[in-house]
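Close look at the chain arrangement
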Amino acid sequence: MRISFLLFLILSFFCKEKTENKKPLLAMKKESKPRLIFFGDSLTAGYKLPSEAFSFPSLIYAKLKKEGYSYEYVNAGLSGDTTSGGLERLDWVISEGVDVFVLELGANDSMRGIPIPLIKKNLTAIIQKVRDKNPKVKILLVPMRTFPNLGPRYTQDFYKLYVEISKKENVPLSPFLLEKVAGIPSLNQSDGIHPTVKGHELLAETLYPSVQKLLAK
C-alpha cells in the first residue's frame, strides 16, 4: 500500500508539472506583426548609399517605430527595376503576407520609353495582385516624373497615368518623391539621378506624412 501510494504521488507530480509547463509555452507564443513593404527600384533600395539604413524607407520606418507603430518592415527595392520586372517578382515579395504596401515604380520605364499604356497596365496589375493577397491591405502609390527628352506629350501622359490609377483603383497618391531634391547637385550623387544621404532624408520627409495618413485610416 505504501509503495502504491508513493507511486501515485510521483505520477501526480509529473502529470501536474507537464500540464503547468504547457501554460508558459502558450503565453510565450509570439504574435506576428503586420507587414509593411516598400516596393520599388533603386530609389527605394538606396542605391550607392553607405547602407540600406540610410534609404528613405528605412528612415520612415525608424520614425514610425519612434512614434509607437509596430510593423515588420521589408525593403523590396531593386535597382534598375521596371513595372514589368516588379510584376514578375511580386508574388515572391508578398508570399509571407502584406498589410501596408508603398509602390514606387515607373521611372526606369520612362527612361526606356516604355509605352504609357503598358506602364499603366503593370502598375494596375501590381495593385490588384496585392489586394488579391490581402483585401484589407493599405496601398500608397508614389508618382514619378520623367525627363522631357521624350517630348511634352509623353512627359504629361506619364505623370497623368498615376493620377488615373489612383482614381480608378481608389488608392491614395503621395507627392512627387523627388520634389525637394530633383535637379539639385548637392542632394544627388555624381549621376545626377540618385539622391545622397541628405537627399534621402528629404525623400523621407516628403513621403512620411502620406504614409502616416495611410496607417491612421
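Residues numbered from 1 in each chain as written. Predicted model: local features only at pLDDT ≥ 70, side-chain atom pairs only at ≥ 80, totals over all residues. Heavy atoms only, no water.

**Quick notes on the overall build of the chain**
Our working definition: By the criteria applied, helices consist of DSSP H or I runs no shorter than four residues and strands consist of E runs no shorter than two, each listed in order from the N terminus. Burial status follows relative accessibility: with a 1.4 Å probe on protein chains alone, a residue under 20% of its type maximum counts as buried, one over 50% as exposed, and anything between as partly exposed. Two residues form a contact once any of their heavy atoms are found within 4.5 Å. With residues, only the protein chains shown are counted as cover, and all accessible areas are computed by Shrake-Rupley using a 1.4 Å probe.
Within the chain, the regular secondary structure consists of eight helices and four strands. Burial status across the chain gives 43% buried among its 217 residues. Within the chain, contacts between residues at least 6 apart in sequence are counted, and of these 75% link residues at least 24 apart. Total accessible area computed for the chain in this model is approximately 12700 Å², and 59% of it derives from carbon and sulfur atoms.

**A closer look at the packing of aromatic side chains**
Keep this limit in mind: The aromatic pairing rule takes the rings of Phe, Tyr and Trp, using the six-membered ring of Trp, and pairs them if the centres are within 6.5 Å, calling planes under 30 degrees apart stacked, those over 60 edge-to-face and the rest tilted. Lysine and arginine charges are scored as sitting over a ring when NZ or CZ, respectively, is within 6 Å of the ring centre and within 35 degrees of the ring normal.
Tallying each qualifying case throughout the model produces six aromatic pairs. Aromatic side chains F38 and Y73 sit 6.1 Å apart centroid to centroid with 70° between the ring planes, which places their arrangement in the edge-to-face category. A residue pair is termed long-range when its members are at least 10 positions apart, and F38 in strand β1 (residues 35-40) and Y73 in strand β2 (residues 72-77) qualify at 35 residues. Aromatic pair Y154 and F158: ring centres 6.4 Å apart, planes at 10°, arrangement stacked. Here the residue Y154 and the residue F158 both occupy positions in helix α7 (residues 152-169), the gap between them amounting to four residues, near one helical turn. Across this residue pair, the class does not change: Y154 and F158 are buried. One aromatic cluster is present, formed by F38, F56, Y61 and Y73 through successive ring pairs. Over the aromatic face of Y208 sits the side chain of K63, whose NZ or CZ is 4.5 Å from the ring centroid.

**Topic: unusual backbone geometry**
The backbone of K48 shows a phi angle near 55°, a positive value even though the residue is not glycine. With respect to the helices and strands, K48 occurs in the loop between α2 (42-45) and α3 (56-66). Among the residues examined, K48 registers a relative accessible area of 64% and is labelled exposed. One non-glycine residue with positive phi stands out, namely N170, at about 55°.

**Section: the confidence of the model for the chain**
Quick note on the threshold: Values of pLDDT, the confidence the predictor places in each residue, fall between 0 and 100.
When pLDDT is averaged across the chain, the result is 88; 86% of the residues are at 70 or more. Low pLDDT (under 50) marks residues 1-30, which in the prediction has zero contacts with non-local residues, meaning those over four places away or in another chain.

**Some remarks on the nonpolar core**
Our working definition: Only buried residues count toward a nonpolar core. Its members are Ala, Val, Leu, Ile, Met, Phe, Trp, Tyr and Cys residues joined through side-chain atoms within 4.5 Å.
Within the largest apolar cluster, 53 residues are counted, with the highest numbers of intra-cluster contacts made by F39 and F101. If you tally residues by element for this core, the top one is helix α8 (residues 197-216), at eight residues.

**Some remarks on the side chain of E169**
This is how the line gets drawn: Residues adjacent in sequence count toward polar contacts only when both atoms are side-chain atoms; beyond that, a polar contact is any pair of N or O atoms within 3.5 Å, and within protein one must be able to donate a hydrogen and the other to accept it.
Checked against the element boundaries, E169 lands in helix α7. Side-chain polar atoms of E169 contact the side chain of Q128, separated by 3.4 Å. When sequence neighbours within four positions are dropped, the list of residues in contact with E169 reads T124, I127, Q128 and R131.

**Digging into α7**
Given 3.6 residues per turn, any residue in an α-helix points the same way as the ones three and four places further on. Put simply, the test is: Here, expected helix span is obtained from the residue count minus one, scaled by 1.5 Å.
A rise of 1.5 Å per residue sets the reference length of α7, with its 18 residues, at 26 Å; its end C-alpha atoms lie 26 Å apart and thus fit the reference within 8%. Restricting attention to buried positions, one finds in α7 the residues Y154, F158, L161, Y162, I165, S166 and E169. Where the residues of α7 are buried, they touch α5 (107-111), α6 (116-133) and β4 (138-141). Once α7 finishes, N170 follows within two positions and takes phi at roughly 55°, a positive value.

**Here's the deal with the environment of D109**
The topology assignment puts D109 in helix α5. In this structure, the C-alpha to C-alpha distance between D109 and F158, residues 49 residues apart in sequence, is 9.8 Å.

**Notes on helix α4 (residues 83-93)**
Rule in force here: Arc definition: directions from the helix axis to the C-beta atoms.
Three or more residues of α4 are buried, namely T83, G85, G86, R89, L90 and V93. Across the axial projection of α4, the buried residues extend over an arc of 145°, all falling on one side. Against the buried residues of α4 lie β1, β2, β3 (100-104), α5 and α6.

**A word on the sheet that holds β4**
Heads up, the condition is: DSSP-based pairing: two strands are paired if at least 2 bridges between them are found. As a rule, the C-alpha atoms of each element are fitted with a line to give its axis, helices using only the stretch in contact, and angles between N-to-C directions run from 0 to 180 degrees.
Taken in spatial order, the four strands make up an open sheet running β2-β1-β3-β4, and their pairing is parallel. Of all strands in the sheet, those with a lone pairing partner are β2 and β4, marking the two edges. Taken over all neighbouring pairs, the strand axes of this sheet differ in orientation by 10° on average, direction set aside. Pairing geometry for β3 and β4, over four bridges, is parallel. Across the sheet, the residue bridging to L103 is L141, located in β4. Sitting on the sheet, α4 is in contact with β1, β2 and β3, with an inclination near 160° to β1.

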